[in-house]
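Single-letter residue listing:
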Amino acid sequence: MAALSICESLVIAMVEKGLLTAEEARGVLEDAAAAHLRQETPGLVNGRQELAVRAIERLVLQVDAAGQVSRG
């Protein structure tokens, strides 16, 4: 969870500073979510993949909001 929080902060900061557009960040995050969805693992590990996808989807919403603020 700590790594996710760090990545979340970095991606949002990069969008706010104009290093990435919100669209570029969304593309990277969507690729990451798709990679987790392709994981073919049973049981508890699969549940972790689903949690990762939900966390990434939440981050996409935050990146979109950061992109709107930076365009302000």
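This structure is a prediction, so every number in the text was calculated from the model and none was measured.

## Here's the deal with the side chain of E8
Mapped onto the fold, E8 is located in helix 1 (residues 2-16). Separated by 2.8 Å, the side chains of E8 and R58 make a polar contact. Dropping the residues within four chain positions of it, E8 is found in contact with R58, L59 and Q62.

## Observations regarding a nonpolar patch on the surface
Nonpolar side chains collect at one region of the surface, where I6, L10, M14 and L19 lie side by side and expose about 390 Å² of accessible area between them. Within the secondary structure layout, L19 lies in the loop between helix 1 and helix 2 (22-37). Among the residues examined, L19 registers a relative accessible area of 61% and is labelled exposed.

## Observations concerning the pattern of salt bridges
Across all of its chains, the model carries 2 salt bridges by this definition. One salt bridge in this structure joins R58 and E8, with 2.8 Å as the shortest N-O distance. One end of the pair, R58, is in helix 3 (residues 43-71); the other, E8, is in helix 1, with 50 residues separating them in the sequence. Take R58: its relative accessible area is 41%, and that puts it in the partly exposed class. Take E8: its relative accessible area is 14%, and that puts it in the buried class. As a salt-bridge pair, R26 and D64 come within 2.7 Å of each other at their nearest N and O atoms. Within this pair, whereas R26 is found in helix 2, its partner D64 is found in helix 3, the two being separated by 38 residues in sequence.

Rules used throughout
- Residues numbered from 1 in each chain as written.
- Predicted model: local features only at pLDDT ≥ 70, side-chain atom pairs only at ≥ 80, totals over all residues.
- Heavy atoms only, no water.
- Helix = DSSP H or I, 4+ residues; strand = E, 2+ residues; numbered from the N terminus.
- Polar contact = N/O pair within 3.5 Å; in protein donor to acceptor, adjacent residues only side chain to side chain.
- Contact = heavy atoms within 4.5 Å.
- Patch = residues over 30% accessible without salt bridge, like charges linked within 9 Å, V, L, I, M, F, W, Y side chains within 5 Å.
- Areas by Shrake-Rupley, 256 points an atom, 1.4 Å probe, with all protein chains shown as cover.
- Salt bridge = Lys/Arg side-chain N within 4 Å of Asp/Glu carboxyl O.
- Buried < 20%, exposed > 50% of the residue type's maximum accessible area, 1.4 Å probe, protein only.

Just geometry here; none of it tells us what the structure is for.
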